[in-house]
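# Notes for the structure review
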Amino acid sequence: MASEECQSLLLSEYTEYGGLSSVAESALEQVEPSVLSWEELRVKVKKSGRELLQGVSGVTQPGQLMALMGASGAGKTTLLNTLLSRNLKGLEVTGRVLVNGNQIGRGITAVSGYAQQEELFVGTLTVREYLNIQARLRVNGSKEKRTKRVMAVLKQLGLLKCQHTRIGVIGVKKGISGGEARRLTFACEMLSNPAILFCDEPTTGLDSFMAESVVAVLSRLAHSGRTVICTIHQPASQLYEMFDSVMFLACGRTAFLGTPAEAIRFFERAGYPCPHSYNPADLIIHTLAIVPGNEIECNHRVEEITQLFDSSEFGEKLQRDVAAVELRAAPAGRQRADRFAQFSALTERAFLDNWRNPSLARAKIIQKSVMGLFVGLLYLRTEIGAPAGIDNINGALFYLVCELTYSTLFGILTFLPGDYPLVVREYHDGLYSVSSYFVSRSLSYVPLFTIDGLVMMIVAYFMIGLNVTLQQFFTCLLISVLIEQSASAFGVMLSTVSPSYPVAVSLAGPLLTLLSLTGGLYANVGQMPAYISWIQYLSWFRYGFEALTINQWSEVSAIPGWSNDTSKRDATLEKLSFSASMLWPDVSIMAAFILVFYIIGYIGLMIRVHRAR
Ligand SMILES: Nc1ncnc2c1ncn2[C@@H]1O[C@H](COP(=O)(O)OP(=O)(O)OP(=O)(O)O)[C@@H](O)[C@H]1O
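Residues numbered from 1 in each chain as written. Predicted model: local features only at pLDDT ≥ 70, side-chain atom pairs only at ≥ 80, totals over all residues.

### Thoughts on the overall build of the protein chain
This is how it is decided: The helix and strand labels rest on DSSP assignments: H or I over at least four residues marks a helix, E over at least two residues marks a strand, and numbering proceeds from the N terminus. For the radius of gyration, the atom set is restricted to C-alpha positions; the globular benchmark scales as 2.2 Å times the number of residues to the power 0.38. The burial label depends on the number of other C-beta atoms within 10 Å of a residue's C-beta. Counts of 20 or more mean buried, 12 or fewer mean exposed, and intermediate counts mean partly exposed, with C-beta atoms placed from the backbone. Residue pairs are scored as contacts if the distance between their C-beta atoms, which are placed from the backbone, is within 7 Å.
The helix and strand tally for the protein chain stands at 23 helices and 9 strands. By the compact-globule yardstick of 25 Å for 613 residues, the protein chain is too spread out, its C-alpha radius of gyration being 32 Å. Taken along its principal axes, the extent of the C-alpha atoms in the protein chain is 105 × 55 × 45 Å. Considering the protein chain as a whole, with its 613 residues, one finds that 44% of them fall into the buried category. Residue pairs at least 24 apart in sequence account for 77% of intrachain contacts in the protein chain once pairs closer than 6 positions are excluded.

Okay, here's the thing in structure tokens:
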């Protein structure tokens, strides 16, 4: 099918979406035309000295859609990363990347969009909600301006039809289609209306129709004045023709840069003609591939072709074009949203995500209610005067401390790692600071990891018949919230300082054993050997248990048979080596623990996110 025919077919498809026909009148402003060029880029692995890019140069103009092609391992991703100044850990880079003739280094992030291959979204949100939140992070200005921009992007990328559909999670929860997900990735990048758009493998995993529609969208974005460059794997013939320019890499060198038709001519002249029935991209990539077992011949062929290109009229034109790039002002970079805007957008996203996961909250509340009922039945209406009455109540209190800790800590360890890839990407896209994410996400977990514990405590409290003065009741609830929050903050800390989820879980088990064994029930805190005793001071089990027991036995006038005798309270506490005066110090220490765990957790996350560059 001819390229124009194909595009008009795609256009009619998008008209149905209410989409591409409206591009011209969309609310996206004009972009500042930006010429992207790169000169003599050399990328070397620091350790081994292996050269991944060997003096690669190129230029792409506003209004052009450029495809970066080559066999696997040719250096496409390395070139894209170098242009973007990303993921270059362990690599030494020389050469220049220029925007309108200016070397702006990492500043390229602010003037460009990067639609990465792996789609990362918050699957519980609808397409429109997700874009609205992205707009708050990417678009400066009034709410009206942001709404207009979101609507324009939805139209431009043919996403109007699915704007109220939940995004879903691939392989877990059905949501939008693969093609829509890919277009949503571009939509996010388009919100900031970048002058340059990078796309990594935009068609991978899509059927031929979807792939064509995605390239048609990219072509339109380019033709509206942007500079668009994408890596692509063996595009079908009709896709190949939709690119304005193509660059073929082989073994880290330039094998060709020019128009698709010129590429066919060049390879024909080099001795590799493309028969009519053949896909030119397939043939060229195949010609440039290093076939295992035939490396010498393939390397020789690549050497010949790259040398031929350098000395050809195309290679000479490329050198002239690169040298002729005029020095003009670089486009104005995107401004990061202010802290408050970042925080409010991320908090809304985190709360919505939790809210849209009702099964999570439901499961937690059911689990804790059942445990509350179980403890309540086990210690039902415990008689204080019975032989083991006091010990039983103390046992129940310690069990409640454990129950508030274990499921909370393992719950946090399970949830947080799921966020990391998106946080790493958005942070390096310059959307927000780690602190904005950390505070908003941690806050969003507070209700989730508070209400369930309170439900359990209330059920167990009345079934067991713990002391019922109003003050004791509320103090007991306060202590239980602090215990659960200590566990939650510890989980956040463990999750961020551990290199991976399995490591965090493997550490959690033994650490909790140590902290619970020194918590005051299994071993008397006053009689532990000195070399172990110090652990109790790091254990919220100990402070929580001590606070709960002091609170339980403090109102001597309300305890049947104690006739207002404070010595009975003191004796009960002394048996555990606890002291009645420690209630509020215990509460304060737990509050301090929460703060310290969160601070360490934040530092851990910051280091991990920075290192993930
Ligand atoms: N950080 C790195 N350290 C060492 N070698 C690397 C590094 N990054 C890439 N390479 C190597 O550089 C070569 C080019 O990799 P690159 O990912 O750029 O290829 P590609 O053309 O994108 O391949 P594909 O199409 O398979 O993704 C590969 O041999 C790869 O193993």
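There is more to say, and it comes next.
### Things to note about the pairing of strand S6 (residues 196-200)
What counts, and what does not: Strand pairing follows a simple DSSP-based rule, namely that at least 2 bridges must link the two strands.
The buried fraction of S6 amounts to 5 of the 5 residues, a majority that puts the element mostly inside the structure. Here S6 shows a buried face lined by Ile196, Phe198 and Asp200 and a second buried face lined by Leu197 and Cys199. Examined bridge by bridge, strand S5 (residues 112-115) and S6 share 4 bridges and lie parallel to one another. Counterpart to glycine 113 in the pairing with S6 is leucine 197. Bridge count between S6 and strand S7 (residues 227-231): 5 bridges; the pairing is parallel.

### Re the domain arrangement of the protein chain
Stated precisely, the cut-off is as follows: What fixes the domain bounds is an automatic or database domain assignment.
Under the domain assignment used here, the protein chain contains domain 1 (3-24 + 33-118 + 195-323) and domain 2 (339-611). A separation of 54 Å is found between the C-alpha centroids of domain 1 and domain 2. Every contact between the two is made by 5 residues of domain 1 and, on the other side, 4 residues of domain 2.

### Focus on the sheet that holds S7
Spelled out, the test is: Helix axes are fitted to C-alpha atoms over the stretch in contact, other axes to C-alpha atoms as well, and angles between N-to-C directions run from 0 to 180 degrees.
In space, the 6 strands of this open sheet follow the order S5-S6-S7-S3-S8-S9, with mixed pairing throughout. Taken across any chain shown, the strands that pair with only one partner, and hence form the sheet edges, are S5 and strand S9 (253-258). Neighbouring strand axes in the sheet, compared pairwise and without regard to direction, differ in orientation by 15° on average. Examined bridge by bridge, strand S3 (residues 65-70) and S7 share 4 bridges and lie parallel to one another. The residue of S7 that forms the bridge with leucine 65 is valine 228. Packed onto the sheet, helix H2 (residues 76-84) meets S3, S5, S6, S7 and strand S8 (245-250) and runs at close to 150° relative to S6. Sheet strands touched by helix H10 (residues 280-288): S3, S8 and S9. Its angle to S3, the strand with the most contacts, is close to 40°.

### Some thoughts on H10
Note the cut-off: Here the arc refers to the directions that run from the helix axis out to each C-beta atom.
Taken as a whole, H10 has its buried residues at Pro280, Ala281, Ile284, Ile285, Thr287 and Leu288. Seen along its axis, H10 keeps its buried residues to an arc of 160°; they face one direction. In this fold, the buried residues of H10 make contact with S3, helix H8 (237-240), S8, S9, helix H9 (260-269) and helix H11 (295-311).

### Side note on the UniProt feature "transmembrane region" (unreviewed entry) in the protein chain
Going by this rule: UniProt positions are given in the numbering used here, feature names are shortened, and annotations may be inferred rather than shown by experiment.
Following the UniProt record, the feature "transmembrane region" (unreviewed entry) maps to residues 445-464, 501-523 and 587-607 here. In residues 587-607, the share of helix is 100% and the share of strand is 0%. The end C-alpha atoms are 31 Å apart.

### Digging into the environment of proline 292
As for its placement among the helices and strands, proline 292 is situated in the loop between H10 and H11. Proline 292 sits 52 residues away from serine 344 along the chain, and the two C-alpha atoms are 53 Å apart.

### Observations concerning the sheet that holds strand S2 (residues 51-60)
Strand order in the open sheet formed by 3 strands is S2-S1-S4, and the pairing between neighbours is antiparallel. Bordering the open sheet on either side are S2 and strand S4 (91-99), each of which pairs with just one other strand. The sheet shows a mean angle of 5° between the axes of neighbouring strands, taken without regard to direction. Direction of pairing for strand S1 (residues 36-45) relative to S2: antiparallel, over a ladder of 7 bridges. Along S2, the bridge assignment pairs tryptophan 38 with glycine 58. Against the sheet, H2 engages S1, S2 and S4, with an angle of about 65° to S2.

### A word on the site of the ligand
What counts, and what does not: We call a residue near a molecule or strand when its C-beta atom, built from the backbone, sits within 6 Å of it. In this classification, the charged set is Asp, Glu, Lys and Arg, the nonpolar set is Ala, Val, Leu, Ile, Met, Phe, Trp, Tyr, Cys and Pro, and all remaining amino acids, among them Gly, are polar.
Around the ligand, the structure places Val45, Leu52, Gly70, Ser72, Gly73, Ala74, Gly75, Lys76, Thr77, Thr78, Gly90 and Leu91. Element by element, the count of residues in the shell around the ligand is highest for H2, at 3 residues. Tallied by class, residues from the shell around the ligand come to 4 nonpolar, 7 polar and 1 charged.

### Considering the nonpolar core
Let me state the cut-off plainly: In this description, a nonpolar core means buried residues of the types Ala, Val, Leu, Ile, Met, Phe, Trp, Tyr and Cys, linked to one another by C-beta atoms lying within 7 Å.
Ranked by size, the top nonpolar core spans 105 residues in total, and within it Leu68, Leu131, Ala187, Leu218, Phe248, Ala250 and Leu288 carry the most contacts. In terms of residue count, the dominant contributor to this core is helix H7 (residues 208-223) (8 residues). When residues of this core are sorted by domain, at least three fall in each of domain 1 (3-24 + 33-118 + 195-323) and domain 2 (339-611). Leucine 68 has contacts with Lys76, Leu79, Leu80, Ile229, Cys230, Thr231, Met247 and Leu249, leaving out every residue within four places of it along the chain. Listed in part, the 55 residues of the second largest apolar core include Ile390, Leu400, Leu409 and Phe415.

### Some remarks on the confidence of the model for the protein chain
Selection rule: As a per-residue quantity, pLDDT reports the predictor's confidence and falls between 0 and 100.
With 95% of its residues at a pLDDT of 70 or more, the protein chain shows a mean pLDDT of 89. Of the regions scoring below 50 in pLDDT, residues 1-27 engages in 42 contacts with residues more than four places distant in sequence or in other chains. Reported confidence for the predicted complex is 0.97 by ipTM and 0.83 by pTM.

### Here's the deal with unusual backbone geometry
Only a minority of non-glycine residues have a phi that is not negative, and only a minority of peptide bonds are not trans. Not every positive phi belongs to a glycine, and asparagine 193 is a case in point at roughly 50°. By secondary structure assignment, the location of asparagine 193 is in the loop between helix H6 (178-191) and S6. Residue classification places asparagine 193 among the buried residues on the basis of 20 C-beta atoms within 10 Å.

### Things to note about helix H19 (residues 501-517)
Convention followed: The length a helix should cover is 1.5 Å for every residue beyond the first.
With 17 residues, H19 should cover 24 Å at 1.5 Å per step; its first-to-last C-alpha distance of 25 Å lies within 8% of that length. Every buried residue of H19 is listed here: Ala504, Ala508, Leu515 and Ser516. Of the surrounding secondary structure, the elements contacted by the buried residues of H19 are helix H15 (389-415), helix H18 (470-497) and helix H21 (540-554).

### Side note on the packing of H9 against H10
The description of two helices packed together rests on the angle between their axes and the distance between the axes. The criterion, for reference: When describing relative orientation, an angle under 35 degrees is termed roughly parallel and one over 145 degrees roughly antiparallel, while 65 to 115 degrees is termed roughly perpendicular and anything else oblique. What makes a crossing left-handed is the near helix being turned counterclockwise from the far one by less than a right angle; a clockwise turn instead makes it right-handed.
At a closest axis distance of 11 Å, the pairing of H9 and H10 adopts a crossing angle of 45°. The angle between H9 and H10 falls in the class oblique. Taken as a pair, H9 and H10 cross one another with a handedness that is left-handed. Contact with H9, carried on its side by Ala263, Ile264 and Phe267, involves Pro280, Ile284 and Thr287 of H10 and no other residues of that element.

### Let's talk about the packing of helix H4 (residues 127-138) against H6
One can describe the packing of H4 onto H6 by two numbers: an axis separation of 9 Å at closest approach and a directional angle of 30°. By the angle between their directions, the pair H4 and H6 is classed as roughly parallel. Crossing geometry of H4 relative to H6 is assigned as right-handed. Together, Val127, Leu131, Gln134, Ala135 and Arg138 of H4 and Leu184, Ala187, Cys188 and Leu191 of H6 make up the contact between the two elements.

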